[in-house]
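These are the residues of each chain, in order.
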Protein chains: 2
Amino acid sequence: MQNTQVILKSRPVGMAETHNFEWQSAEIPALQVGQFLVKNEYISIDPAIRGWMNAGTTYIPGIELGAVVRAFAVGEVIESKNSDFPAGVFVEGLLGAQAYAISNGQTGIHIVDAQAAPLSAYLGILGMPGMTAYFGLLDKGQPQAGETVLISGAGGIIGSLVGQIAKIKGCRVVGIAGGDKKRDFLLKIGFDAVIDYKNEDLHSRLQEICPEGVHIFFDNVGGQILDTALLHLARGARVVICGAISQYNDMTNIYGIKNYMKILTARGSLSGIIVFDYLTRYPEGKQALSQWLQNGQIQNQEHLIQGIEQFSQALKMLFTGENLGKLLIKI
Amino acid sequence: MQNTQVILKSRPVGMAETHNFEWQSAEIPALQVGQFLVKNEYISIDPAIRGWMNAGTTYIPGIELGAVVRAFAVGEVIESKNSDFPAGVFVEGLLGAQAYAISNGQTGIHIVDAQAAPLSAYLGILGMPGMTAYFGLLDKGQPQAGETVLISGAGGIIGSLVGQIAKIKGCRVVGIAGGDKKRDFLLKIGFDAVIDYKNEDLHSRLQEICPEGVHIFFDNVGGQILDTALLHLARGARVVICGAISQYNDMTNIYGIKNYMKILTARGSLSGIIVFDYLTRYPEGKQALSQWLQNGQIQNQEHLIQGIEQFSQALKMLFTGENLGKLLIKI
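Residues numbered from 1 in each chain as written. Chains lettered and ligands numbered in written order. Predicted model: local features only at pLDDT ≥ 70, side-chain atom pairs only at ≥ 80, totals over all residues. Heavy atoms only, no water.

1. So, the interface of chain A and chain B
In step 1: Taken together, the 30 residues of chain A in the interface contact 30 residues of chain B.
In step 2: Its salt-bridge partner being B:Arg235, residue A:Asp277 comes within 3.4 Å of it at the nearest N-O pair.
In step 3: Viewed at the interface, chain B and chain A are joined by eight residue pairs in polar contact (both at pLDDT 80 or more).
In step 4: Of all the secondary structure elements, the ones that give two or more residues to the side of chain A that touches chain B are α6 (223-230), β12 (233-241), α7 (261-265) and β13 (269-272) of chain A.
In step 5: For the side of chain A that touches chain B, the per-class residue count stands at 15 nonpolar, ten polar and five charged. (Contact = heavy atoms within 4.5 Å. Salt bridge = Lys/Arg side-chain N within 4 Å of Asp/Glu carboxyl O. Polar contact = N/O pair within 3.5 Å; in protein donor to acceptor, adjacent residues only side chain to side chain. Helix = DSSP H or I, 4+ residues; strand = E, 2+ residues; numbered from the N terminus. Nonpolar A, V, L, I, M, F, W, Y, C, P; charged D, E, K, R; others polar.)

2. Quick notes on the confidence of the model for chain A
In step 1: Looking at chain A as a whole, the pLDDT averages 95, with 99% of positions reaching at least 70.
In step 2: Prediction confidence for the complex, expressed as pTM and ipTM, is 0.90 and 0.88 respectively. (pLDDT = per-residue confidence, 0-100.)

3. Let's talk about the environment of B:Arg235
In step 1: Within the secondary structure, B:Arg235 is located in strand β12 (residues 233-241).
In step 2: On the basis of relative accessibility, which here comes to 58%, the residue B:Arg235 falls in the exposed class.
In step 3: Ignoring anything within four residues of it in the chain, the contact list for B:Arg235 reads A:Asp277, B:Ala266 and B:Arg267.
In step 4: At a separation of 3.4 Å, a polar atom in the side chain of B:Arg235 contacts the side chain of A:Asp277. (Buried < 20%, exposed > 50% of the residue type's maximum accessible area, 1.4 Å probe, protein only.)

4. Considerations on the nonpolar core
In step 1: Counting residues in each nonpolar core, the largest one holds 226 residues, and the members touching the most others are A:Phe311, B:Phe311 and B:Leu315.
In step 2: The contact partners of B:Phe311, leaving out residues within four places of it in the chain, are B:Val6, B:Phe21, B:Trp23, B:Ile43, B:Ile45, B:Ile49, B:Val69, B:Ala97 and B:Ile329. (Core = buried A, V, L, I, M, F, W, Y, C linked by side-chain atoms within 4.5 Å.)

5. Some thoughts on the relation of the copies chain A and chain B
In step 1: Rotating chain A by 180° about the axis while translating it 0.1 Å along that axis superimposes it on chain B, leaving an RMSD of 0.1 Å. Taken together, the rotation and translation relating the two chain copies correspond to the operation of a two-fold axis. Residues of chain A ranked by C-alpha distance from the rotation axis are headed by A:Gly256, positioned 1.8 Å from it.
In step 2: Comparing contact sets, 100% of the residues at the interface of chain A also lie at the interface in chain B, consistent with an isologous, same-surface contact. (Least-squares fit on C-alpha atoms with pLDDT ≥ 70 in both.)

Next comes the structure, spelled out in structure tokens:
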């Protein structure tokens, strides 16, 4: 049986482009004892992939040249020599940007319940993005009813979930996102206001919309958006750093944050969310998010791209901001 | 009777220079009911003065052109029409850069005990710098025995006190300071190591001295020193922003902090210390510091400059880093 794999061919300078990848067709080898074969159904397109394409080790080693591009995926076990992962179960984990994956189950592969939620949800609302939004907002942000929560990258899966959870907690929610489509979507799912950073001046709009400042700034974007948001912190504000997608394409030329002293004068604090630190609490997060999803209090917006041959185009969409909600490849 | 006053003549661009000030001789007016006359003995030279010389309001309004330069001072009440501040008591507060001050006692003027400690101590170890060091380190930094504490601007009064308090708490203390004189002083008062940022490469020295990272970074300097220190945070590190003396001379061209994402990957946090927030807890801080001073566990290093005509030269020393310990003018 033939596999289709997305291989890292060269390390990108700036934006990852199609020429940095190679689509390889390869015979699937016979399973060893302890291994199982997964037929991937969805591949998760995450900003982290761009970081993993760089040389060297950050919190995990970069992807080797010639290796399958690292990515979360979800699929069905179709053949197994591992009794913990029998054929017929569905699994989620770092299964890679490929049509089929062989795993020994030892590297963070989890069985998921395909009856309880759509399979794709395990890469979004019930996966890493959902857990990031849940623990990032609630544990790091500590939202109180009546507070104003500002979210950059609000049109992405994490941003849109953070906003919806903040609304459930009684906060006023302001999103930063580019374009009318995202604005309309965010207003529809309950955001109180949206600032279109591509067409509006963030600083003056924040003065208008948040005259008393921002109590929580949940940042997925970094760069100038973070620097401007710091000018609008309310007293005691919490800045929660989740990502910096504006900077990932050129980590050698990071935008320096000039207004950090505003954290001091606001009596605020800055910290970050690393979702892996909450592994033992995932059940709590999954239960809450499942409940809200079932109640209709949260919408799980997905942006599906058809076909693994679209992998590099899909990854690019994250950085140009074209996706709305959770970006996935359907194989 | 004649007063000598340091007047703000023009707003500095960059470093404050002698031509930005005027030394004015003026007749002291007769006291109104409720007022008292203070003969200043020491004037405190603080980095904040440079910020107050700019136009506009930050946390307090800037000094008006033509007004006496705002400064903390300590002196004796020599004439009084205010029964709360009778002649013969000693007071501390924003008495200004002048030989004599008239006050109504309503603007943060406190009576101090000239028997309990040398008068100048009320501008240093028992004044704002001492309280800043005490609450900044203990409340914001939360030092634990065995942790490594890194301090920039270690040769100044706040930095040298933070280091000594951290040693009392069982920490390993590394100072950043310029020149041999400061290094010798800091090693003498118990610092475990000192990095001479003027003659050594901070990044490589931190790799050598703090291979397991820094648990608390107490920052008085900002700019590149802060940015480099962020590369060396240990897991769970606390960054306590106290000041940014490297930046105060040109607030229109602040150095942007590129490495803030290291706070995220280190699972750290950043917050600031504003000493005025601890007013109600000053008695606790003063008692602890007095005790340590009496026990010989802390040294109160002062750098005395003779004469109010040296005011602008003294202020400049803060920014060139020439002072060692608490910089004061003795009138």
